[in-house]
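Understanding the architecture of this molecule
Each chain is listed here by its residues.
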Amino acid sequence: MSQYSLAHPYFGVFAIFVFTFVAFFATTFLSRFVGRKLANKNTQKLKLSPYECGLAPTKQPNRISSQFYLMALLFILFDVEVIFMFPWAVDFKILGVFGFVEMILFVLLLVIGYVYAWRKGALQWQSIK
């Protein structure tokens, strides 16, 4: 008998991985092939132009405020705390006093960040004048 046995515990996982890999590329190739064969090859200038009314836009008149990005960043920063609090809440009794103190320190650090952002005016919406 050869060195490699089909009774290895991870052989099934490897076989599923190879099957998934082959199925993914076969599906991708088949969809591209069918899409190219069935696609309409009619390339008119009007069809290829962007669908907009009026003149073609040359310049954006208003810039997007960086305040949108700052708000999104702060939202993600303070929303991630829930991801860290959920496992703590599930194992609250197991962690005991040590886990409670660690979570208090974590929340205190987040409160310090919140107060810092508040004092810097990051949460104030700036009016455009």
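The name given to the chain in an unreviewed UniProt entry is NADH-quinone oxidoreductase subunit A, with the source organism recorded as Helicobacter valdiviensis. The record held by UniProt for the chain lists under Sequence similarities (unreviewed entry) the comment "Belongs to the complex I subunit 3 family." The record in UniProt for the chain states the following under Catalytic activity (unreviewed entry): "a quinone + NADH + 5 H(+)(in) = a quinol + NAD(+) + 4 H(+)(out)".

Counting residues in hydrophobic clusters, the biggest one holds five residues: L74, F78, L110, A117 and A122. Mapped by element, the contributors of at least two residues to this core are α3 (66–90) and α4 (92–119).

Taken together, the side chains of F11, F14, F17, V18, F21, V22, F24 and F25 present a nonpolar region at the surface, about 840 Å² in accessible area. Among the structural elements, F17 can be located in helix α1 (residues 11–38). F17 gets classed as exposed once you look at its relative accessible area, which sits at 54%.

Thresholds, definitions, all that
- Residues numbered from 1 in each chain as written.
- Predicted model: local features only at pLDDT ≥ 70, side-chain atom pairs only at ≥ 80, totals over all residues.
- Heavy atoms only, no water.
- UniProt positions renumbered as here; feature names shortened; annotations may be inferred.
- Core = buried A, V, L, I, M, F, W, Y, C linked by side-chain atoms within 4.5 Å.
- Buried < 20%, exposed > 50% of the residue type's maximum accessible area, 1.4 Å probe, protein only.
- Helix = DSSP H or I, 4+ residues; strand = E, 2+ residues; numbered from the N terminus.
- Patch = residues over 30% accessible without salt bridge, like charges linked within 9 Å, V, L, I, M, F, W, Y side chains within 5 Å.
- Areas by Shrake-Rupley, 256 points an atom, 1.4 Å probe, with all protein chains shown as cover.
- Salt bridge = Lys/Arg side-chain N within 4 Å of Asp/Glu carboxyl O.

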